Amino acid sequence: VAGEVKIESADILASKSFKTGKVQIFGVPPSSNSLGPVLLGQDAKIAELVPTMPGEATRTPEFLAMNPFHAVPTMKDGDFCLAESGAIMRYLADQYVPE
């Protein structure tokens, strides 16, 4: 099509600036729900696992401020918090992982 502009994905990645720093992922180490975000974060060297068992640990005022549904995994990146495995992985990939 005349006048169509093609943008390659490599061009988009080259123009995007990615965050650096450490993210905390609150979860249970053997949990399949926590595993994806933890592995992505550790592979990219951007996250640390904060072992958090559902129950008392997820009902503290500090945890409820991050996730009012008191569920794991929950991610904390500075003042930004996010829950749900898929959403956390998408956020980490978009914000931190260029490949």
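Residues numbered from 1 in each chain as written. Predicted model: local features only at pLDDT ≥ 70, side-chain atom pairs only at ≥ 80, totals over all residues. Heavy atoms only, no water.

Q: Looking at this model, I keep getting lost on the overall build of the protein chain. Mind explaining?
A: The secondary structure content of the protein chain amounts to four helices and four strands. If you list the helices and strands of the protein chain from N to C, you get α-β-α-β-α-β-β-α. Classification of the 99 residues of the protein chain by burial places 28% in the buried group. Relative to all contacts within the protein chain whose residues are 6 or more apart in sequence, the contacts with residues 24 or more apart total 58%. (Helix = DSSP H or I, 4+ residues; strand = E, 2+ residues; numbered from the N terminus. Buried < 20%, exposed > 50% of the residue type's maximum accessible area, 1.4 Å probe, protein only. Contact = heavy atoms within 4.5 Å.)

Q: Where do I start with the nonpolar core in this structure?
A: Side chains that are nonpolar tend, in soluble globular proteins, to be buried together. In terms of nonpolar packing, the biggest core is built from 11 residues, these being V23, I25, V38, I46, A47, M75, I88, Y91, L92, Y96 and V97. Counting residues per element, the ones that place at least two in this core are β1 (23-27) and α4 (85-95). The element best represented in this core is α4, accounting for three residues. Setting aside residues up to four positions removed in sequence, A47 forms contacts with K22, V23, I25, G41 and Q42. F26, F63, M66 and V72 belong to the second-largest nonpolar core, a separate cluster that totals five residues. (Core = buried A, V, L, I, M, F, W, Y, C linked by side-chain atoms within 4.5 Å.)

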